[in-house]
Amino acid sequence: MKLLVTGGAGFIGSNFVLSTVAQRPEVEVTVLDALTYAGNRASLNSIADRIDFVHGDIADRPLVDRLVGESDLVVHFAAESHNDNSLNDPWPFVHTNVIGTTTLLQAVRDHDVRYHHISTDEVYGDLELDDPARFTESTPYNPSSPYSSTKASSDLLVRAWARSFGVRATISNCSNNYGPFQHVEKFIPRQITNLLSGKRPKLYGAGQNVRDWIHVDDHNHAVWTIIEKGVLGETYLIGADGEKNNREVLEEILKETGNPSDAFDFVTDRPGHDLRYAIDSTKLRTELGWTPQYVDFRSGLKATIDWYRENEQWWRPQKDATESSYALTESVVS
Ligand code: NAD
Ligand code: DAU
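What counts and how
- Residue indices begin from 1 for each chain and proceed along its sequence in written order.
- Chains and ligands are labelled sequentially in the order written, the chains with letters from A and the ligands with numbers from 1.
- Selection of residues for local features in this predicted model requires a pLDDT of at least 70, selection of side-chain atom pairs for listing and counting requires 80 or more, and totals for whole chains, interfaces and linings are taken over all residues.
- The basis for the side-chain values is all heavy atoms of the structure; hydrogens and waters are excluded.
- Pairing between strands is defined by DSSP: at least two bridges between the two strands are required.
- What counts as a helix is a DSSP run of H or I of at least four residues, what counts as a strand is a run of E of at least two, and both are numbered from the N terminus.
- Helix axes are fitted only over the stretch in contact, all axes being lines through C-alpha atoms; the angle between N-to-C directions runs from 0 to 180 degrees.
- Any two residues having at least one pair of non-hydrogen atoms within 4.5 Å are treated as being in contact.
- Each domain's extent is set by a domain assignment, obtained either automatically or from a database.
- The term buried area means the drop in 1.4 Å probe accessible area that two parts suffer when joined, counted for both and summed.
- A pair is scored as a salt bridge if a Lys or Arg side-chain nitrogen falls within 4 Å of a carboxyl oxygen belonging to Asp or Glu.

**Q** Tell me about the sheet that holds strand β3 (residues 52-55), and please be specific about residues and values.
**A** Each strand in a sheet pairs with another by means of backbone hydrogen bonds, the pair being arranged parallel or else antiparallel. Strand order across the open sheet formed by seven strands is β3-β2-β1-β4-β5-β6-β11, with parallel pairing between neighbours. Of all strands in the sheet, those with a lone pairing partner are β3 and β11 (235-238), marking the two edges. Here the strands of the sheet are splayed against their neighbours by 20 degrees on average, with no regard to which way each runs. In terms of strand pairing, strand β1 (residues 2-6) meets strand β2 (residues 28-33) through five bridges, oriented parallel. Each bridged residue has a counterpart across the sheet, and for L4 the counterpart in β2 is T30. Running at roughly 170 degrees to β2, helix α2 (residues 61-69) makes contact with β1, β2, β3 and β4 (73-76) of the sheet. Of the strands in this sheet, β1, β4, β5 (114-120), β6 (169-174) and β11 are in contact with helix α7 (residues 216-229), which crosses β5 at around 145 degrees.

Pasting the structure below:
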């Protein structure tokens with residue numbers, strides 16, 4: 001099978017490519033990645049000789065048409081993925097998440113290639129902290145940020161191409177991932193690498209916002225399950241019952257790194273900050289038989305902290321620029 005992975009030098013995409021190459025020798029992998037600030041070719045160093053890597057933009061129509069035409073399956077991870085960046089400059093989000101996805105959809109339509117679309121639970125907006133409800137596949141779309149709005153747009157484009165043109169597509173919407181190779185702009189790596197750099201972690205607002213954490217390997221295992229067993233045209237939510245508020249996660253990181261539980265700063269809150277995400281993944285579990293393997297968040301987090309301790313050469317080059325960029329909009333409240 002010839003597999004085209006977009007965004008394969010990013011966090012989730014690189015973990016997907018690494019596990020696919022390790023576990024599925026019959027799959028020939030081509031990665032298409034623009035190597036934006038978020039893409040890191042070094043994440044694929046250990047398998048560089050076992051994949052084809054194409055440095056390019058998913059909105060480049062002739063390039064995408066050629067690569068899709070040579071493929072049996074496209075798994076689309078490439079995106080602008082960070083909410084904070086989308087609040088400062090939405091244009092790259094529209095370019096990649098909307099124009100880029102449309103470019104891929106036209107190519108899979110023209111070549112009748114199976115397509116799996118990676119998306120986020122943020123398309124559903126947020127839930128109250130005390131709401132017993134969780135997101136399901138029938139929750140109405142209600143995105144809050146430029147990032148989540150462009151991801152919602154991309155999902156709707158996929159649905160339209162499936163219905164109107166018969167594109168053989170599935171969609172998955174996953175909750176917050178953690179694990180190795182995640183950019184230091186994101187919450188968990190930022191706090192770990194702050195501590196490893198002698199800086200204080202930064203908590204937005206009151207730290208009460210809840211995210212539903214899932215290990216990246218569980219996400220990627222679910223993606224393969226959907227590719228192999230999913231019904232065309234369907235959407236599947238991916239989540240591992242990992243709800244925690246940000247303060248709880250930070251306290252766990254502080255404890256694991258031997259720091260006092262109050263060794264952090266409260267900083268200005270993110271505008272429009274979604275309160276809570278929570279996934280009900282019953283459909284994926286009952287219809288396709290998927291279950292998460294990383295059920296102990298603490299041990300998954302400890303392994304992630306160890307990975308950042310042992311791989312400073314991977315994250316160090318991005319650290320100063322990331323913190324300088326945060327410093328432009330963020331100020332310590334207490
Ligand atoms: P990331 O920011 O770490 O990686 C994105 C990758 O896409 C990078 O390698 C980047 O170079 C590449 N890219 C960006 N624009 C491109 C373009 N125009 N052409 C080609 N490549 C381009 O993102 P991630 O966290 O790995 O997220 C991957 C996907 O999963 C995204 O679609 C995101 O919306 C979705 N998702 C992420 C999470 C999460 O917790 N990180 C959760 C649910 C869904
Ligand atoms: O839910 C899935 C989404 O999860 C994905 O679609 C996104 O691509 C991914 O970035 C992530 O979005 P979040 O906005 O939830 O992730 P982030 O790591 O930016 O922030 C997680 C929580 O931590 C959020 O409530 C904001 C908070 N936060 C974040 C940073 C960077 C802090 O308190 N301090 C920080 O320094």
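Next, the rest of the story.
**Q** I'd love a proper account of the environment of D110, names of residues and values included.
**A** Structurally, D110 is set in helix α4 (residues 91-111). Separated by 150 residues in the primary sequence, D110 and P260 have C-alpha atoms spaced 57 Å apart.

**Q** Account for the environment of L301, with residues named and values stated.
**A** Along the chain, L301 falls in helix α10 (residues 297-310). Those residues in contact with L301 that sit more than four places away from it in its chain are Y178, I188, V249, E252 and I253.

**Q** I'd love a proper account of the domain arrangement of the protein, names of residues and values included.
**A** What the domain assignment lists for the protein is domain 1 (2-178 + 214-238) and domain 2 (187-210 + 245-277 + 296-322). Taking the mean C-alpha position of each, domain 1 and domain 2 sit 25 Å from one another. Counting residues at the interface gives 21 residues for domain 1 and 18 residues for domain 2. Roughly 1,600 Å² of surface becomes buried between domain 1 and domain 2 when both sides are summed, with 52% attributable to carbon and sulfur atoms. In this structure, the connection of domain 1 to domain 2 is made through one salt bridge. Across the pair D84 and R270 runs a salt bridge, and its minimum N-O distance is 2.7 Å.

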